[in-house]
Amino acid sequence: MNADHDSDSVQNHAAGGTASSDMPSGGQDPIINYQELLNRCMGKTELVKKILGRFQETMPLRIEEIQASCTQGDPEQIRALGHAIKGVAANISAESFRAAAERMEHAAKSGGQDVQNALSVLLDEYNRCVQYIGELLNQSQETETLAN
Amino acid sequence: MEILVVDDEFVCSDLVKEILEDRGHSVITATNGLEALEILRNGSCRMVISDWEMPVMNGLELCRAVRTEDLQRYVYIVLLTSRTNTDNLVKGLSAGADDFISKPFEPEELTVKVNVGLRVLALETRNLAIFALARLAESRDNETGRHLERVRAYSRILAKELAQDDKYKDIVTNSFIALLYQTSPLHDIGKVAIPDYVLLKPDRLSDGEFEVIKTHCIRGAETMESALEQYPEAGFLRMARDIAKWHHERFDGTGYPDGLKGDEIPLSAKIFTVADVYDALVSRRIYKEPFTHVVACNIIMSERGTQFDPDIVDAFSRCQLLFQSVQNNMQKATPDTTCV
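Cut-offs applied
- Residues numbered from 1 in each chain as written.
- Chains lettered and ligands numbered in written order.
- Predicted model: local features only at pLDDT ≥ 70, side-chain atom pairs only at ≥ 80, totals over all residues.
- Heavy atoms only, no water.
- Pairing = 2+ DSSP bridges.
- Helix = DSSP H or I, 4+ residues; strand = E, 2+ residues; numbered from the N terminus.
- Axes fitted to C-alpha atoms, helices over the stretch in contact; angles between N-to-C directions.
- Contact = heavy atoms within 4.5 Å.
- Right-handed = clockwise from strand over helix to strand, strands pointing away.
- Buried area = accessible area lost by both parts, 1.4 Å probe.
- Salt bridge = Lys/Arg side-chain N within 4 Å of Asp/Glu carboxyl O.
- Polar contact = N/O pair within 3.5 Å; in protein donor to acceptor, adjacent residues only side chain to side chain.
- Nonpolar A, V, L, I, M, F, W, Y, C, P; charged D, E, K, R; others polar.

(A) Looking closely at the sheet that holds strand β4 (residues 76-81) of chain B. Residues and elements named next belong to chain B. Read across the sheet, five strands follow the order β2-β1-β3-β4-β5 without closing on themselves; strand pairing throughout is parallel. Each edge of the open sheet carries a strand with a single partner, namely β2 (26-30) and β5 (99-102). Within the sheet, the average angular offset between the axes of one strand and its neighbour, ignoring direction, is 20°. Looking at chain direction, strand β3 (residues 47-51) and β4 are connected through five bridges and run parallel. For Val48, the partnering residue across the bridge sits in β4 and is Ile77. Sheet strands in contact with helix α3 (residues 59-68) are β1 (2-6), β3 and β4, and its direction is about 175° off that of β4.

In structure tokens:
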């Protein structure tokens, strides 16, 4: 597979949106705005994969940390982690996940049920991202294998 | 350009790193402000792109630390953050950040902001050109050795000491100290207008010749003032003019060229005067052997309130060992010009 501007399944996302059969489904509101992410990665699909791979490596720890902070009721830690997750989500163009993290950041101030509700939404959006990215990277790998 | 990227989120730092490397920069990374500060202390990196919220030391604390530390170079700092409301912009710029990029960022925005930083940093090379010109002017006077390097180092030591004093801490800021360091080498630029038979005379000057050499203050100041007419807001030129014109004034009003006294003499010139006289005292001249550090200190302290501002002499007495240290270090390179 070429490093840049190649036409594997990752690249297909840029052209086809969410309705194409060879990509994970994202509904009306794409889980990740692929075109925006590709632009941020200078059109390099290899870099898209690297960044999404990094997300998969590092985000589980952040999610564990924010869940633990919610259990402990530590508002500053919840806010800080919500803020950190928001930044990462924004950079991979995962808008719903970003919005959920922002909600978490704000909910930290009010505490109680607001935090629990925000956490629940955050986990849902996180799981959607993980599934989407997993399918995307798997498809990309399959395409590479076939090409070789 | 070597750029330091500071972020505890690898997704973000990887993205920034890849974009900057694609644009031909070399990138080093750190995961918090403290780690970044260590890299800046031990290396020569002059541009930082930093996240705001990080563990151990955040981006704002990093900005403050960089501006407070004496890194011997300007470090251009861009904060990469989603905190982009007005309050946070003010907070960030006040802490010492030069620019902001909001998350999520676009490669083109990152690229142009780095290019702005490069243009700003290029201005610092002008300081090197200014120093080279000052050295050229000084080169006719072959007795002074590394005089320019020493006096600017002494001036900075004195200014830093003075900045500890409540009376001066709001005046002698980091930017005042940086300006003093940059402008002090220009103090004798007017000597280019002094004829060889006076400047290079291998003996004591006659009264008439001394009158000629005294004009170097005015001639140097005229050079700066002609530039100031074009750029009246240029703090650099103003301080350079003040030092060039009034570094031979005396606190009691008996100096030259204008006989200014006390606070009529700009603070920069008063600080520089002590630095310059100390260097003259411990340096060899055709008409005298160098004095020891101890003798030079005694002479300066004996002129407290007459030749020199008492506050500055007091500051000198507190930091005179640092003067000696600079003198010793620079003497190693030019063993014949000064005395320990």
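(B) Fine view of the environment of Pro290(B). Summarising the element assignment, Pro290(B) is placed in the loop between α12 (267-282) and α13 (293-302). Sequence separation between Pro290(B) and Asp279(B) is 11 residues; the distance between their C-alpha atoms is 9.5 Å.

(C) Local environment of the pairing of β2(B). All names here are of chain B. Here β1 runs beside β2; their pairing, made up of five bridges, is parallel. By the bridge assignment, Val5 is partnered in β2 with Thr29. What joins β1 to β2 is helix α1 (residues 10-22), and the crossover it makes is right-handed.

(D) Structural context of the interface of chain B and chain A. In this complex, chain B contributes 19 residues to the contact, which on the side of chain A involves 22 residues. With both chains or domains summed, chain B and chain A bury close to 1,900 Å², and 59% of this area falls on carbon and sulfur atoms. On the chain B side of the interface with chain A, the three residues burying the most area are Glu9(B), Val11(B) and Leu15(B), jointly 30% of the side's total. For the pair chain B and chain A, the number of links is seven salt bridges. Across the contact surface, chain B and chain A share seven residue pairs in polar contact (both at pLDDT 80 or more). A per-element tally of the side of chain B that touches chain A places α1(B) first, with eight residues. Partitioned by chemical class, the residues of the side of chain B that touches chain A number eight nonpolar, one polar and 10 charged.

Function cannot be read off these values alone, since they describe shape.
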